[in-house]
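What the coordinates show
So the chains spell out like this:
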Amino acid sequence: QVQVVESGGGLVQAGGSLRLSCAASGIIFSMNTLAWYRQAPGKQRELVALLTPLGTTNIVDSVKGRFTISRDNAKNTGYLQMNSLKPEDTAVYYCNLRNPRKDYWGQGIQVTVSS
């Protein structure tokens, strides 16, 4: 059974940092593209960052230079380092793992940035 579990969210002041983790089990982690999405209240879910198995990254412009995506295949874990957080980064963040045949989602984790 595949499990994808996010951790590391919470409440932080503007300008602060958080590191989200995405722990996976039941899949070959290294063969999946790792992606982080977020969904703010009243808005659609949006892609924040992704990292392919070969190391190609894609970071949305609104967080470029502040957020970093990484992965540790030996630990079956992905990360999203978020620095210089802004109130507009407040959202539920979701980890996504995908390959050509399957798509896996975590349950989401709340990140709240206070001004």
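Residues numbered from 1 in each chain as written. Predicted model: local features only at pLDDT ≥ 70, side-chain atom pairs only at ≥ 80, totals over all residues. Heavy atoms only, no water.

Things to note about the environment of L18
How we decide: Secondary structure elements are defined from DSSP: runs of H or I of at least 4 residues count as helices, runs of E of at least 2 residues count as strands, and each element is numbered from the N terminus. Residues are treated as being in contact if the distance between any of their heavy atoms lies within 4.5 Å.
Here L18 lies in strand β3 (residues 18-25). The sequence separation of L18 and Y79 amounts to 61 residues, and the corresponding C-alpha distance is 10 Å. The contact partners of L18, leaving out residues within four places of it in the chain, are G8, G9, G10, V12, L80, Q81, M82, L85 and V111.

Some points on the pattern of salt bridges
Applicable threshold: Each reported salt bridge corresponds to a side-chain nitrogen of Lys or Arg within 4 Å of a carboxyl oxygen of Asp or Glu. Exposure is judged per residue with a 1.4 Å probe applied to protein chains only, and the accessible area is read against the type maximum: over 50% gives exposed, under 20% gives buried, and values in between give partly exposed.
By the definition in use, this model includes four salt bridges. Close ionic contact of K64 with D61 constitutes a salt bridge, the shortest N to O distance being 3.0 Å. For the pair shown, K64 and D61 are each scored as exposed. The shortest N-O distance in the salt bridge between R66 and D89 comes to 2.7 Å. On the criterion of sequence distance, the pair formed by R66 in the loop between β6 (57-59) and β7 (67-72) and D89 in the loop between β8 (77-82) and β9 (91-98) is long-range, its members being 23 residues apart. Accessibility assignment for this pair places R66 and D89 in one class, buried.

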